[in-house]
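# Fold and geometry: a report
Now for the letters of each chain:
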Amino acid sequence: MKNLFLFILLGLSCGMPTQLLSAKWHVGPGGDFLTIAAAIAAAAPHDHIVVHNGHYFERQLLIDKPLQLTAEPGAVIDAKNEAEDIFLITSDSVEISGFLLQNVGVSFLYECAAIRLRGANYAKLQDNRIEGCYFGIYLERVSNTDVGNNYIKNSFAEEVNAGNAIHAWKSKKLHIHNNVLTGHRDGIYFEFVDDSLIECNNSYGNLRYGLHFMFSNRDAYLRNIFRDNAAGVAVMFSHNIEMTANDFLHNWGGASYGLLLKEISDGQIRQNHFIRNTVGILAEGANRLVMSENQFTRNGTAIDIKGNCLDNQITANNFLANTFEVVTNSKHSNNEFKANYWSGYLGYDLDRNGVGDVPYRPVDLFAKITHEIPAATMLLHSNIIDLLEIGEKTFPQLIPLELTDSMPRIRPYSYD
Amino acid sequence: MFNISKIIVQDLWKNKAVIAYGILMLTFGWGIFAIEYQSEKAILSLLRVILFVQPLITLLFAGMYYYNSQEFLLLLAAQPIKRKTLFLGVFAGLSTVFTLIFLLSIGVPVLVFSPTVEGLALLLAGGLLIFVFTAIALLVSVHVNDKARGMGFALLVWSFFAFIYDGLLLLFMYQFAEYPIERPVLGLTFLNPIDIARIFVISKTEASALLGLSGAVFQNFFGALQGAIAAIFMLLVWASLPFALAYRKFVRKDL
């Protein structure tokens, strides 16, 4: 308690003078400066620069002191398709908000971005619109930074020429929220980013992933929407990722999936909705994950879980009207399927306890046949397949015996 | 022709088997939408009915009706009525009744609860299958004079199209799995009206599972307009070919 009091006192004594001393500069016709670069050069640390309505053809704006830059409506910074950053921030505690940043060119030598943070902490990037830029926001060795309410849009045609909307590398404690990201390669790209929170973003129509994790640990993403990306979310080589209440919608195509899990462990996948994806979840080398209370509706394949996935718990999920419920390439299963609702379940519940009396095998024979002969997809819903299916369900020979849900639900799991 | 059809329709309308079949189909059609709140799943359940129950009933009932009304046909043939008119009348009467039952029991609920592309594809495919199997039934009955043998043969035809053909196709695919067999398989499905109808509807509904490497071949074909037209055309061929053959036989036959 005493420590806390001291901290508050310290905070007050440090914060108040800077607040009182900070000056406010106006940029624009009739303001203090005509260019933003001049204003940044002249400003003292902790000054506030207000950019007024107008077109500013500026780039490589180096911010190496703590400044607050806000734009009035109609303030546009245009890089004229040159392959250079618009803002390069190397100082802590910089705030940039309200800008429209556009036309950062594509380069194969340098990943130029509308806003780049390099080794800067405690930044706030909010309410910006970034259009037609190679990379939107680029975070390099950054921590404790808040990226919110930005709208980042491009219309790339090819993946190789495309940059990411929000790109974070070797960072930690980021908070990325309420952004709209579209038309880039990845909506959000995380590489070596730890302890971060991604929430309420809308990432759609990106060429590769809506959200992409590489080598990132202890992150969480909640309540995001991933729609119509080449693939919804890819989580690779990462540990302890929490994935909750996201919507994976209509990620559709020959090699598409809602959520790709590759070499990841100890994560949680809860209360997500997977609707109309070619593959809901594709898991390869995923270990000790808890998948519960998710909703899988009308996917081509709800879960494709490879034989190298161990000790995952798949419980209390609803599988509704998926063409294939579970697909695997192994005869064995080292994962636990329990208390899920399967719309393909035909069993009964004599004692009326809500749990089916007959175990359910979600892998069906047809999934196995099409795995071996892809051309057999032609026979989907054929009577002969239904007959074989009945025979196989009664006397299992080919489908993995161990992959069963021993207590399938009779009614769908209902959320609170 | 229309008079004969009218008489046949009126006769069939009072037939107990037709009434039972109508009630069965009505329960299917309306019941599935009452139970299933997801219309796409309901469409799939109805697809099963259309591919399984309907061809069987159409085949058996049309054949049976032909055999049972042989004396009536003989009587009419003694009148100054052309054989052509007589045969067309029988075919039109039978298919009208089946189409009416189909539209009332499955058509109306689909249009009410799920008036989507897949729903319309289902109705189109189901409607065409009625004509296909009525024609096949008449072909069988015209050729086989003995009722029991005729019915047995109709059953065989049904099980061939409903199960055996697909089983052979699966066997074929297993044998030639190492080869690029997508296109040959695509061609082979055209030799079975039930397969054409099934894939035509599925390509409109569960495109996701058909995607993937070889699914793309089918999807590109059936998903596109020309594929849909080809499927409908083939179903029409499947209806008109047995019809033409049965007609040829009927015109020359010693009744």
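Owing to the predicted nature of the structure, the values given are computational and were not obtained by experimental measurement. (Residues numbered from 1 in each chain as written. Chains lettered and ligands numbered in written order. Predicted model: local features only at pLDDT ≥ 70, side-chain atom pairs only at ≥ 80, totals over all residues. Heavy atoms only, no water.)

### Structural notes on the interface of chain A and chain B
Listed per partner, the contact involves 31 residues of chain A and 37 residues of chain B. Of the roughly 2800 Å² buried between chain A and chain B, counting both surfaces, carbon and sulfur atoms make up 64%. Area buried by chain A at its contact with chain B is led by Met378, His381 and Asn383 of chain A, which between them contribute 26% of it. One salt bridge in this structure joins Arg48 of chain B and Asp386 of chain A, with 3.3 Å as the shortest N-O distance. Inspection of the region where chain A meets chain B yields seven residue pairs in polar contact (both at pLDDT 80 or more). Broken down by secondary-structure element, the contributors of at least two residues to the side of chain A that touches chain B are helix 3 (365–372) and helix 4 (383–394) of chain A. When residues of the side of chain A that touches chain B are assigned to their parent elements, the largest contribution, five residues, is made by helix 4 of chain A. When grouped by side-chain class, the residues that make up the side of chain A that touches chain B number 15 nonpolar, 12 polar and four charged. (Contact = heavy atoms within 4.5 Å. Buried area = accessible area lost by both parts, 1.4 Å probe. Salt bridge = Lys/Arg side-chain N within 4 Å of Asp/Glu carboxyl O. Polar contact = N/O pair within 3.5 Å; in protein donor to acceptor, adjacent residues only side chain to side chain. Helix = DSSP H or I, 4+ residues; strand = E, 2+ residues; numbered from the N terminus. Nonpolar A, V, L, I, M, F, W, Y, C, P; charged D, E, K, R; others polar.)

### Focus: the pairing of strand 18 (residues 188–194) of chain A
Residue and element names in this part refer to chain A. Along strand 18, five of the seven residues are buried, which leaves the element largely enclosed by surrounding structure. Across six bridges, strand 16 (residues 166–177) lies against strand 18 in parallel orientation. Bridge pairing links His167 to Tyr189 in strand 18. Pairing between strand 18 and strand 21 (residues 209–214): four bridges, direction parallel. Looking at the pairing, Phe190 lines up with Phe213 of strand 21. (Buried < 20%, exposed > 50% of the residue type's maximum accessible area, 1.4 Å probe, protein only. Pairing = 2+ DSSP bridges.)

### Let's talk about the packing of aromatic side chains
Using the criterion set out here, one finds 40 aromatic pairs over all chains in the structure. Within the aromatic cluster, the residues linked to one another by ring pairs are Phe190, Phe213, Tyr221, Phe226, Phe248, Phe274, Phe296, Phe319, Phe337, Trp342, Tyr345 and Tyr360 of chain A. In this arrangement the basic side chain of Arg116 of chain A is found over the ring face of Tyr138 of chain A, its NZ or CZ atom lying 4.2 Å from the centre. Between the NZ or CZ atom of Arg83 of chain B and the centre of the ring of Phe250 of chain B, over which it lies, the distance is 5.8 Å. (Phe/Tyr/Trp six-rings, centres within 6.5 Å; stacked < 30°, edge-to-face > 60°. Lys NZ or Arg CZ within 6 Å of the ring centre and 35° of its normal.)

### Quick word on helix 2 (residues 16–35) of chain B
Residues and elements named next belong to chain B. For helix 2, which comprises 20 residues, the first-to-last C-alpha distance of 28 Å matches the rise-based estimate of 28 Å (1.5 Å per residue) to within 8%. Every buried residue belonging to helix 2 is among Val18, Tyr21, Gly22, Met25, Gly29, Ile32 and Phe33, and all of these are buried. Projection of helix 2 onto a plane perpendicular to its axis shows the buried side chains occupying an angular sector of 120°, all on one side. Of the residues in helix 2, the exposed ones pointing more than 90 degrees away from the buried face are Lys16, Ile23, Thr27, Ala34 and Ile35. Where the residues of helix 2 are buried, they touch helix 1 (2–13), helix 3 (39–68) and helix 5 (83–113). Between a side-chain oxygen at the N-terminus of helix 2 and the backbone nitrogen of Ala17 the separation is 2.8 Å; the capping residue is Asn15. (Expected span 1.5 Å × (residues − 1). Arc of directions from axis to C-beta.)

### Describing the environment of Thr315 of chain A
Relative to the helices and strands, Thr315 of chain A is located in strand 34 (residues 310–315). In the structure, Thr315 of chain A is positioned 24 residues away from Met291 of chain A in sequence and 6.3 Å away in space, judged by C-alpha atoms.

### As for the packing of helix 3 of chain B against helix 7 (residues 147–175) of chain B
To characterise two packed helices, one gives the angle between the axes of the helices and the distance between these axes. Residue and element names in this part refer to chain B. Orientation of helix 3 relative to helix 7, taken along the N-to-C sense of each, is 160°, at an axis distance of 10 Å. Relative to helix 7, the element helix 3 lies roughly antiparallel. In the packing of helix 3 onto helix 7, the handedness of the crossing is right-handed. When helix 3 is examined against helix 7, the residues Phe52, Pro55, Leu56, Leu59, Leu60, Gly63, Met64, Tyr67 and Asn68 are found in contact with a partner set consisting of Lys147, Gly150, Met151, Ala154, Leu155, Val157, Trp158 and Phe163. Across the contact of helix 3 with helix 7, the residue classes tally to 13 nonpolar, three polar and one charged. (Axes fitted to C-alpha atoms, helices over the stretch in contact; angles between N-to-C directions. Parallel < 35°, antiparallel > 145°, perpendicular 65-115°, else oblique. Left-handed = near helix turned anticlockwise from the far one by under 90°.)

### Brief notes about the packing of helix 5 of chain B against helix 6 (residues 117–143) of chain B
Residues and elements named next belong to chain B. Between helix 5 and helix 6, the least distance of the axes is 10 Å, while the angle of their chain directions is 155°. In terms of axis orientation, helix 5 runs roughly antiparallel to helix 6. Here the hand of the crossing between helix 5 and helix 6 comes out right-handed. Only Gly119, Leu120, Leu122, Leu123, Gly126, Gly127, Ile130, Phe131, Thr134, Ala135, Leu138 and Val142 of helix 6 make contact with helix 5, whose side of the interface consists of Phe87, Val90, Phe91, Leu94, Ser95, Phe98, Thr99, Phe102, Ile106, Gly107, Val110 and Leu111. For the contact of helix 5 with helix 6, the per-class residue count stands at 17 nonpolar, seven polar and no charged.

### Overview of the nonpolar core
The biggest cluster of nonpolar side chains holds 189 residues, and the ones touching the most others in it are Phe87, Ile115, Tyr221, Leu259 and Leu261 of chain A. Top contributing element to this core by residue count: helix 6 of chain B, with 16 residues. Leu259 of chain A has contacts with Tyr221, Val233, Val235, Met243, Phe248, Ile269, Phe274, Gly280, Ile281 and Leu282 of chain A, leaving out every residue within four places of it along the chain. Ranked by size, the runner-up nonpolar core spans 10 residues in total, among them Tyr189, Met214, Leu260 and Leu282 of chain A. (Core = buried A, V, L, I, M, F, W, Y, C linked by side-chain atoms within 4.5 Å.)

### Side note on the pairing of strand 12 (residues 129–133) of chain A
Residue and element names in this part refer to chain A. Two strands pair when backbone bridges link them, and strand 9 (residues 100–104) and strand 12 are joined in this way by four bridges, in the parallel orientation. Pairing of Leu101 across the sheet is with Ile130, part of strand 12. Strand direction decides the pairing type here: strand 12 and strand 15 (residues 151–153), joined by three bridges, are parallel. Residue Ile130 lies in a different strand from strand 15, and its bridge partner there is Ile152.

### Digging into the pattern of salt bridges
Across all of its chains, the model carries 20 salt bridges over all chains by this definition. Close ionic contact of Lys262 of chain A with Glu284 of chain A constitutes a salt bridge, the shortest N to O distance being 3.3 Å. Of this pair, Lys262 of chain A sits in strand 27 (residues 259–265) while Glu284 of chain A sits in strand 30 (residues 279–287), placing them 22 residues apart in sequence. Relative accessible area serves as the criterion here: at 26%, Lys262 of chain A is assigned to the partly exposed category. With a closest N to O distance of 4.0 Å, Arg198 of chain B and Asp166 of chain B form a salt bridge. Here Asp166 of chain B lies in helix 7 and Arg198 of chain B lies in helix 9 (residues 193–205), a separation of 32 residues in the sequence. The residues Arg198 of chain B and Asp166 of chain B share a single accessibility class, namely buried. When salt bridges that share partners are traced, they join Asp85, Arg116, Arg118 and Glu140 of chain A into one network.

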